[in-house]
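These are the residues of each chain, in order.
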Amino acid sequence: MEGDSTLRTLNEAFETFRKASKSLEQRYRVLEKKIERLNQELSEKNRLMERTRRLAAMGEMAAKIAHEIRNPLASIEIFASLLARELEGSDKGQLAIFISKGVKRLDNLLTNMLVFARAPRPVAATVDIREIIVEVLQTTTPSMAGQVSIRCHYSGDTVIVADGSLIRQAVYNLLINALDSVRGKKGRVEITTERIMNGRDTLKLMVRDNGEGIPEDVMDRIFDPFFTTKQHGTGLGLCIVDSIVKSHGGRIWVESDRAGGATFWMEIPSSIDKEVKG
Ligand SMILES: Nc1ncnc2c1ncn2[C@@H]1O[C@H](COP(=O)(O)OP(=O)(O)OP(=O)(O)O)[C@@H](O)[C@H]1O
Ligand SMILES: [Mg+2]
């Protein structure tokens with residue numbers, strides 16, 4: 001009898017031990033899977049870090065190359081413009097205008113790439129937006145003379161404290177888009193500025209065209225980097241305008257209706273905040 005009870009106790013102890021070791025085994029397997037998953041996550045994170053490092057290095061390199069290319073481009077542009085003036089009215093003069101136009105597009109592409117590679121850091125100075133608009137119009141519209149009518153209206157003070165070359169780039173990108181959209185039709189582009197109080201002294205700029213307009217289904221993607229509906233577009237233009245406006249503590253928005261045409265507005269504070277300038 002005593003032997004039976006010892007055997008039962010032993011059996012129970014053995015059963016308890018078996019259950020405990022089974023549950024330990026299961027826990028071990030769960031832990032093993034967790035470790036495997038963590039290892040995978042770690043190697044994926046390492047891969048992403050390596051990729052980010054490479055992209056940063058490539059961005060730096062692209063910025064250096066862009067700087068190197070811009071100097072000879074500037075000389076080519078000056079010579080082509082001089083030639084165009086000397087040969088005005090002739091076929092050769094037209095060729096010189098094509099060279100100058102192509103160089104300007106390349107230069108704009110490089111500037112967009114540079115701003116994209118290194119987030120814009122505005123250097124504050126006193127700038128006259130009116131002068132910037134006039135200068136941008138002089139470099140963009142001569143080749144479209146007769147095809148598009150441009151109307152400018154400046155209301156109030158056009159002088160603000162901002163980064164002139166960045167603002168110039170933003171206006172340039174908006175104007176090029178407006179001109180692209182009216183190509184091939186009797187185009188109208190309207191640029192206006194006004195001084196408003198929007199919590200603070202602000203300059204509001206509008207660029208309106210009567211072009212093809214922006215379809216509703218692409219509206220929320222047009223500021224995304226590399227989004228383009230153009231055959232030769234890079235899709236950097238509006239993304240750059242957006243980051244320039246934000247770097248100045250301002251905002252940009254767009255409206256487009258079924259009647260056609262698009263209207264872009266941007267608001268820039270009359271002086272850059274120190275925090276925004278960073
Ligand atoms: N004024 C406009 N009228 C109609 N569509 C526009 C206008 N401005 C922008 N878009 C649309 O937004 C897209 C993105 O514009 P964005 O300026 O960023 O790039 P892109 O003009 O296509 O190329 P890039 O500026 O690099 O030459 C354009 O491809 C076009 O579809
Ligand atoms: Mg563009």
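Residues numbered from 1 in each chain as written. Chains lettered and ligands numbered in written order. Predicted model: local features only at pLDDT ≥ 70, side-chain atom pairs only at ≥ 80, totals over all residues.

## Re the overall build of the protein
- Helix and strand content of the protein: six helices and seven strands.
- When its helices and strands are written in sequence order, the protein yields α-α-β-α-β-β-α-β-β-α-β-β-α.
- For the protein, the C-alpha radius of gyration of 31 Å lies well beyond 19 Å, the compact-globule estimate for 278 residues.
- Expressed along its principal axes, the backbone C-alpha trace of the protein runs to roughly 125 × 45 × 40 Å.
- Going through the 278 residues of the protein one by one, you find that 24% of them count as buried.
- Within the protein, residue pairs in contact and separated by at least 24 positions form 70% of the contacts whose partners lie at least 6 positions apart. (Helix = DSSP H or I, 4+ residues; strand = E, 2+ residues; numbered from the N terminus. Rg over C-alpha atoms; globule rule 2.2 N^0.38 Å. Buried ≥ 20, exposed ≤ 12 C-beta atoms within 10 Å, placed from the backbone. Contact = placed C-beta atoms within 7 Å.)

## Quick notes on the site of ligand 1
- Inspection of the region around ligand 1 gives 22 residues, with Asn-177, Thr-228, Gly-233, Gly-237 and Leu-238 positioned closest.
- Contributions of two or more residues to the shell around ligand 1 are made by helix 4 (164-182) and helix 5 (237-247).
- Ranked by the residues each element gives to the shell around ligand 1, the list is headed by helix 4, at four residues.
- Considering only residue class, the shell around ligand 1 consists of eight nonpolar, eleven polar and three charged. (Near = placed C-beta within 6 Å. Nonpolar A, V, L, I, M, F, W, Y, C, P; charged D, E, K, R; others polar.)

## Some words on the domain arrangement of the protein
- According to the domain assignment, the protein contains domain 1 (1-118) and domain 2 (125-277).
- One C-alpha centre belongs to domain 1, the other to domain 2, and the line joining them spans 31 Å.
- Classifying every residue of the side of domain 1 that touches domain 2 gives four nonpolar, three polar and two charged. (Domains from an automatic or database assignment.)

## Digging into unusual backbone geometry
- Within the chain, Phe-226 stands out as a residue other than glycine whose phi angle is a positive 70°.
- Summarising the element assignment, Phe-226 is placed in the loop between strand 5 (201-209) and helix 5.
- Residue classification places Phe-226 among the exposed residues on the basis of 10 C-beta atoms within 10 Å.

## A short note on the environment of Leu-42
- Checked against the element boundaries, Leu-42 lands in helix 1 (residues 2-86).
- For Leu-42, a count of 10 C-beta atoms within 10 Å puts it in the exposed group.

## Some points on the nonpolar core
- Counting 37 residues, the largest nonpolar core has Ala-170, Val-171, Leu-174, Leu-175 and Val-241 as the members making the most contacts within it.
- Secondary-structure elements contributing two or more residues to this core are helix 3 (129-140), strand 3 (159-162), helix 4, strand 4 (187-197), strand 5, helix 5 and strand 7 (262-269).
- For this core, the element with the highest residue contribution is helix 4, accounting for ten residues.
- Among all residues touching Val-241, those that are not within four sequence positions of it are Ala-170, Asn-173, Leu-174 and Ile-252. (Core = buried A, V, L, I, M, F, W, Y, C linked by C-beta atoms within 7 Å.)

## A short note on the sheet that holds strand 7
- Strand order in the open sheet formed by five strands is 2-4-5-7-6, with mixed pairing between adjacent strands. Each edge of the sheet is formed by a strand with only one pairing partner; in this case those strands are strand 2 (148-155) and strand 6 (251-256). For this sheet the average axis-to-axis angle between neighbouring strands, irrespective of direction, equals 15°.
- By the bridge criterion, eight bridges tie strand 2 to strand 4 in an arrangement that is parallel. Its bridge partner being in strand 4, His-153 is matched across the sheet by Thr-192.
- On top of the sheet, helix 3 reaches strand 2, strand 4 and strand 5; it is set at about 170° to strand 2, its chief contact.
- Against the sheet, helix 4 touches strand 2, strand 4, strand 5 and strand 7, its axis set at about 20° to strand 5. (Pairing = 2+ DSSP bridges. Axes fitted to C-alpha atoms, helices over the stretch in contact; angles between N-to-C directions.)

## Topic: helix 1
- For helix 1, with 85 residues, the first-to-last C-alpha span of 123 Å sits near the 126 Å given by 1.5 Å per residue.
- Burial within helix 1 is sparse, with just three of its 85 residues counted as buried.
- Among all positions of helix 1, only Glu-77, Ala-80 and Ala-84 are buried.
- For helix 1, the elements touching its buried residues are helix 2 (91-117). (Expected span 1.5 Å × (residues − 1).)

## Overview of the pairing of strand 5
- The sheet contact formed by strand 4 and strand 5 spans nine bridges and is antiparallel. Its bridge partner being in strand 5, Ile-196 is matched across the sheet by Thr-202.
- Between the antiparallel neighbours strand 4 and strand 5 lie three residues, among them Gly-199 with a positive phi of about 85°.
- In this structure, strand 5 lies alongside strand 7, joined through seven bridges in antiparallel fashion. Each residue of the ladder has a partner; that of Thr-202, found in strand 7, is Pro-269.

## Examining the environment of Arg-47
- Mapped onto the fold, Arg-47 is located in helix 1.
- You can call Arg-47 exposed: it has 10 C-beta atoms within 10 Å.

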